Each structure stands twice: as structure tokens, then as C-alpha cells.
Amino acid sequence: MKLLKSIALVALTSVAMGSTAFANSFNANELSQIIEQARELKAQGKLSVVLFDLDDTLVSTQERSLRILKEFASQAEIQNAFPDSLKLFSLKETDINYELALTFRKIGIENAELLKAASAFWAQRFFTSTYCSKDKALSGSADYLHQLIEAGAKVVYLTGRDAPGMELGTRANLVRNHFPHHPSQALLMMKPDKSIDDLVFKTQAFSQVAEMGEVIGVFENEPANLNAMTKAFPKAKAVFVDTIHSPKPDRPVEGTIWIKNYQSKPTNQRQMCSGIF
Ligand SMILES: [Mg+2]
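Residues numbered from 1 in each chain as written. Predicted model: local features only at pLDDT ≥ 70, side-chain atom pairs only at ≥ 80, totals over all residues.

**Describing the packing of helix α10 (residues 198–210) against helix α11 (residues 223–232)**
At a minimum axis separation of 10 Å, α10 and α11 run at an interaxial angle of 20 degrees. Between α10 and α11, the crossing angle belongs to the class labelled roughly parallel. Crossing handedness for the pair α10 and α11: right-handed. Contacts from Asp-198, Leu-199, Lys-202, Thr-203 and Phe-206 of α10 reach α11 at Ala-224, Asn-225, Ala-228 and Ala-232. (Axes fitted to C-alpha atoms, helices over the stretch in contact; angles between N-to-C directions. Helix = DSSP H or I, 4+ residues; strand = E, 2+ residues; numbered from the N terminus. Parallel < 35°, antiparallel > 145°, perpendicular 65-115°, else oblique. Left-handed = near helix turned anticlockwise from the far one by under 90°. Contact = placed C-beta atoms within 7 Å.)

**Examining the nonpolar core**
In this structure, Val-50, Leu-51, Phe-52, Val-155 and Val-218 are the most contacted members of the largest nonpolar core, which totals 41 residues. Among the secondary structure elements, those contributing two or more residues to this core are α2 (29–43), β2 (48–52), α8 (141–150), β3 (153–162), β5 (214–220), α11, β6 (237–241) and β7 (257–259). If you look at the next biggest cluster of nonpolar residues, it comprises nine residues, including Leu-88, Ala-118, Tyr-131 and Cys-132. (Core = buried A, V, L, I, M, F, W, Y, C linked by C-beta atoms within 7 Å. Buried ≥ 20, exposed ≤ 12 C-beta atoms within 10 Å, placed from the backbone.)

**Things to note about the sheet that holds β5**
Taken in spatial order, the six strands of this open sheet run β4-β3-β2-β5-β6-β7, and their pairing is parallel. Of all the strands in the sheet, the pair left with one neighbour each is β4 (186–191) and β7. In this sheet, adjacent strand axes meet at a mean angle of 20 degrees when their direction is disregarded. Pairing geometry for β5 and β6, over four bridges, is parallel. Across the sheet, Phe-219 pairs through a bridge with Val-239, a residue of β6. The strands touched by α8 within the sheet are β2 and β3, with β3 carrying the most contacts at an inclination of about 135 degrees. (Pairing = 2+ DSSP bridges.)

**Side note on the confidence of the model for the chain**
As a note on interpretation, predicted positions should not be read in detail where pLDDT is low. Averaged over every residue, the pLDDT of the chain is 87; the share at 70 or more is 85%. Considering only residues more than four positions removed or in separate chains, one finds that residues 1–26, a stretch of pLDDT under 50, has 27 contacts. In this model, residues 266–277 is a region of pLDDT below 50 whose contacts with residues beyond four sequence positions or in other chains number 37 contacts. (pLDDT = per-residue confidence, 0-100.)

**A closer look at the pairing of β3**
Of all 10 residues in β3, nine are buried; the element is thus mostly enclosed. In this sheet, β3 lies alongside β2 in parallel orientation, the contact comprising five bridges. Bridged to Val-49 within β3 is Lys-154. With respect to chirality, the unit in which β3 leads through helix α9 (residues 163–176) into the neighbouring parallel β4 is right-handed. (Right-handed = clockwise from strand over helix to strand, strands pointing away.)

Dropping the structure here:
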């Protein structure tokens, strides 16, 4: 009876959220196992590679968006034209959705003109070195990266950011967050042109990554990108970083490890819905 009640509760919650509940096993030890594997390969004289996306995998774009929106709301002319904009000061990092319209709705802003003005302000800043250079690291990420390096792995940052617009800020941010950045330890791969689709760019980079050594771990917050990595590197442990992601309907394939950050506590069930988990 108790079990039936639990099942019913999960089903109800799923319907309420417009999502499908599904179980995932999470084991923090699995992250340590990637370090252990790097160590073993090093002992055999082999090179190992661990692949990481940047945005919402190692650093928080929720924090970047929050910074931009508060700057937007700080303008006197915006406050005068849209008194509702003051509500933006109540936003918290975790309120930031992948889609700005949903972020606004969460704090009770239903104003198309204000949304349009904020979207334009956000778009001019979000994909720039100036703003990404101040990104905050996900909890425990720098430590984890350094443990991998120490174990003999090479870290590859494979990001959908474009080099012309964001390389300077990205490199400055690696230093600021104490992430490995020396060429002997880590490689940064960025899109040569902003117009290239992220997944197309990443998929095309896989053969170059494969030449660097044995890929033993892949980390992503976008399920579609992660699944492409899993397909390209079936022996690697796939880690889904459960932060925010696009509204694409893809789900991480079975066997994927789920984390919230690099100090996550184990959990055995998550909800997934469009745009945010
Ligand atoms: Mg990302």
C-alpha cells in the first residue's frame, strides 16, 4: 500500500510538472573512479583525456544572467519606463530559467515590452568576454579538475562559446576560477564562428579529442551533447550535470551518472521537464 502510494505520488507530480519522472542511480564514487582510471592508465604509460563542457557544466550561466538582469534593472530610464523592472532585484540565481520569459513569469512580470528590452540588453552581454570572465565555478569543480590532472589525465574544455567573441574572457575565467589552464594540462576548444551549431561543432571535434589519448570521462549539461559524446566514446563514463539546459526533448541515456555539482549528495530520483529540472 505504501509503495502504491509512492508510485501514485510520483505519477501525480509528473503530471503536475508536465514531465516524466524516471529513476537514476547516482554514485559519487563514480567520479572518483574516473580519477582512479586516469591513475591506472598513467601507470601503464598511457594518456587519458576527460572532456568537459563549460557553461552550466563547470561554471554557472544562471549567475551570469542574474548579473546582467540586475544591471539592466539598475538603469534609471528602465525603472521609469517599466516600474515592474524593480521586481528583477528579487531574483535569485536559482530562479534563472533557460528562457528569459519563464524567468520573468516566475517573479510575476508579464510585460512584453519589458521582456523585449531586457532580452536585447541580455543578448548584447551574455556572449561576451567581459561578462563570462566573471563566471562563478560550480561547487567543487576546480578541485575535481586538479585531481584529474594530478592523476595524469588531460582536461579538454569543449565549449559552444565562440573564440572571436569570448576567448579572452574564457581564458581569464579559467585563471580566475583556478581551473587547470596550462597547455600541458588542459586544452580549450572553441567555435571559430558563432553561427556554427554547438552540437555540430562538438561532434566534429571528437576525432581530434580521440587522438589525444583514451577518453575516460565526458561531462555535459545538455543531454543531446552528452549523448553524442557517449556515442563517440562508449568506454568513457558519461556525467550529466543537472543544472539548466535547453528545452530540447533529449534525455541522458541509461547508465549516465547525474550530479548537481562536484560535491553532490547521492539521490535516486529526479524530475525532468522542459527547460529546467
Ligand atoms: Mg553547457
